Amino acid sequence: MQPERIKICDVPLDCVDMKSAVDHLNSVITGGNKCSVFAMNPEKVIFANKNNEIKSILSNAGLLIPDGIGVVLAAKLQGVKIKERVPGCELAVKLCELAEKNNYGVFLLGAKEETNLIASEKLIEKYPGLRISGRNNGYFTDEQNGEIVKKINDSGAHIVLVALGSPKQEKWIEKHQHEINANILQGVGGTLDVIAGNVKRAPSLWRVTHLEWLYRLLSQPQRIFRQTALPTFVWQVLTSKVRS
Ligand code: UDP
């Protein structure tokens, strides 16, 4: 069953928690269907409202997970309860756990070659039965897209984790999903860097207090320009609440 879809500042979001997201994606695979998965946070909502191409890609997506606490709180303000955040990097790892249990093939697409390789080794270390059916770094030209699609299809992967950064991965998935046989294409941003250990996730105190975004900003100050979307997001959420 398709999860309930709401709109945050006119941008779609699916009301899922981690378990229902994984169950839904498993049923997509067992049913032989296809689903693209993207992480939603305030930054992406604001970006989508400035960029029609991204807004349309998100509207056509299979599953839009509540990756950021901002979208969970904005949903709450509309009277919609979302049980928890579903961070994209945690969902990607849960999908690897699901893949190990069910012998689904996983393809890792993206990040630097060394990062991609180490991430695949770390995932196998964590899930010894996991079948990484193929992998490719994220530094290829448009002319090589056909080769990459063939490599994914030849690998027989059920799940492709696409780590090209946003919005590149959203555009890549939208463009190629029709020619890729895998069931699940998840845009995972910097997840392979986190799995490989190049980028540290926030310690758990920051996560439980919903301040992971602040930790990330402090540890990667170059992201400040992306975080300037936050005040705009708060303003848009509050004004749309007042209007309604
Ligand atoms: N990346 C890539 N190919 C590119 C550009 C970026 O594979 O042409 C990778 C990059 O190496 C990194 C990830 O995409 O692993 C982007 O991570 P980031 O944390 O910036 O993701 P975002 O926050 O944009 O989702």
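The shown structure was predicted, so the numbers you read here are calculated from the model rather than taken from an experiment. (Residues numbered from 1 in each chain as written. Predicted model: local features only at pLDDT ≥ 70, side-chain atom pairs only at ≥ 80, totals over all residues. Heavy atoms only, no water.)

## Some thoughts on the site of the ligand
As a structural note, the neighbourhood of the ligand is formed by 16 residues, with Ala111, Gly138, Tyr139, Lys168 and Asp193 the closest of them. Between Ala163 and the ligand, the recorded distance is 3.2 Å, taken from a backbone N or O atom to an oxygen atom. Here an oxygen atom of the ligand sits 2.7 Å away from a polar atom, N or O, in the side chain of Lys168. Protein burial of the ligand: of its 560 Å² of free accessible surface, 78% is covered by the chains. (Near = heavy atom within 4 Å. Polar contact = N/O pair within 3.5 Å; in protein donor to acceptor, adjacent residues only side chain to side chain. Areas by Shrake-Rupley, 256 points an atom, 1.4 Å probe, with all protein chains shown as cover.)

## Here we look at the state of the cysteines
Such a bond, covalent and formed between the sulfur atoms of two cysteines, is termed a disulfide. Counted by the stated rule, this structure contains zero disulfides. A disulfide-free cysteine, Cys96 has its sulfur positioned 12 Å from the sulfur of Cys89, the nearest such atom. A relative accessible area of 1% means that Cys96 is categorised as buried. (Disulfide = S-S within 2.5 Å. Buried < 20%, exposed > 50% of the residue type's maximum accessible area, 1.4 Å probe, protein only.)

## Thoughts on the packing of aromatic side chains
If you walk through the whole model with that rule in mind, you get two aromatic pairs. A ring pair is formed by Phe140 and Trp172, whose centres lie 6.3 Å apart and whose planes are at 70°; its orientation type is edge-to-face. Placement of Phe140 in the loop between strand 6 (131-136) and helix 7 (145-155) and of Trp172 in helix 8 (residues 168-176) is noted, with a sequence separation of 32 residues between them. Grouping residues by exposure puts Phe140 and Trp172 together as buried. Seen from their ring centres, Trp206 and Tyr215 are 5.3 Å apart, and the 70° between their planes marks the pair as edge-to-face. Taking relative accessible area as the criterion, Tyr215 reaches 21% and is therefore assigned partly exposed. (Phe/Tyr/Trp six-rings, centres within 6.5 Å; stacked < 30°, edge-to-face > 60°. Helix = DSSP H or I, 4+ residues; strand = E, 2+ residues; numbered from the N terminus.)

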